[in-house]
Amino acid sequence: MAVKEKIQGNGKLLPSAEHKYVLVLHNDDVNTFDFVINTLVEVCNHDLHQAEQCALITHFKGKCDIKHGHFEMLEGMMNELHRRGLSATIASN
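Residues numbered from 1 in each chain as written. Predicted model: local features only at pLDDT ≥ 70, side-chain atom pairs only at ≥ 80, totals over all residues. Heavy atoms only, no water.

Examining the packing of helix α1 (residues 33-44) against helix α2 (residues 48-61)
In plain terms, the rule: Angles shown run from 0 to 180 degrees and are taken between the N-to-C directions of axes, each axis being a line fitted to C-alpha atoms and, for helices, limited to the stretch in contact. The numbering of helices and of strands both runs from the N terminus, where a helix is a DSSP run of H or I of at least 4 residues and a strand a run of E of at least 2. Should an angle fall under 35 degrees it is called roughly parallel, over 145 degrees roughly antiparallel, and 65 to 115 degrees roughly perpendicular, with every other angle called oblique. Here a crossing is taken to be left-handed if its near helix is turned anticlockwise relative to the far helix by less than a right angle, and right-handed if that turn runs clockwise. Whether two residues touch is decided by their heavy atoms; if any such pair falls within 4.5 Å, the residues are in contact. Residues were grouped as follows: Ala, Val, Leu, Ile, Met, Phe, Trp, Tyr, Cys and Pro as nonpolar; Asp, Glu, Lys and Arg as charged; and all remaining residues, including Gly, as polar.
Running from N to C, α1 and α2 cross one another at 130°; their axes reach a closest spacing of 9 Å. Viewed along their axes, α1 and α2 adopt a mutual orientation that is oblique. Note on packing geometry: the crossing formed by α1 with α2 is right-handed. Residue-level inspection shows F33, V36, I37, L40 and V41 of α1 in contact with α2, the latter providing L48, A51, E52, C54, A55, L56 and H59. Grouping the amino acids of the contact of α1 with α2 by side-chain chemistry returns 10 nonpolar, one polar and one charged.

In structure tokens, the structure reads:
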């Protein structure tokens, strides 16, 4: 699937309409780092380094944007994260 992107006059890339939502992972005191990392790899297709960084950001800042995309794709990921016991929400970008 081709993604159409626009470039502003200042050279910055604007996200396409498909990527106007963000999946946000919220911190909890229940799940281990390893569980969160493995879940991000399995559910969100993160590589190991990206998953580790997201887990650390979530731990220290309370939340982290973990995926951008269209609502339907993110909703499926959010539901799977919930099923596995993680706290996640979808926000407009």
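Comments concerning α1
Counting along an α-helix, one turn takes 3.6 residues, and residues three or four places apart therefore face a common direction. The following threshold applies: Here the expected length of a helix is defined as 1.5 Å per residue gap, with one fewer gap than residues.
For α1, with 12 residues, the first-to-last C-alpha span of 16 Å sits near the 16 Å given by 1.5 Å per residue. Looking at the buried positions of α1, the neighbouring elements they touch are β3 (21-26), α2, β4 (63-69) and α3 (71-83). Immediately beyond the C-terminal end of α1, within one or two residues, lies N45, with a positive phi of roughly 60°.

Side note on α2
Quick reminder of the rule: Two N or O atoms form a polar contact when they lie within 3.5 Å of each other; inside protein one atom must be a possible hydrogen donor and the other a possible acceptor, and for residues adjacent in sequence the pair counts only when both atoms belong to side chains.
An ideal rise of 1.5 Å per residue puts 20 Å on 14 residues; α2 measures up with 20 Å between its terminal C-alpha atoms. Buried residues along α2 sit in contact with β3, α1 and β4. Regarding α2, its N-cap is D47, as a side-chain oxygen of that residue lies 3.2 Å from the backbone nitrogen of H49 further along. Trailing α2 by a residue or two, G62 shows a phi angle of about 95°, which is positive.

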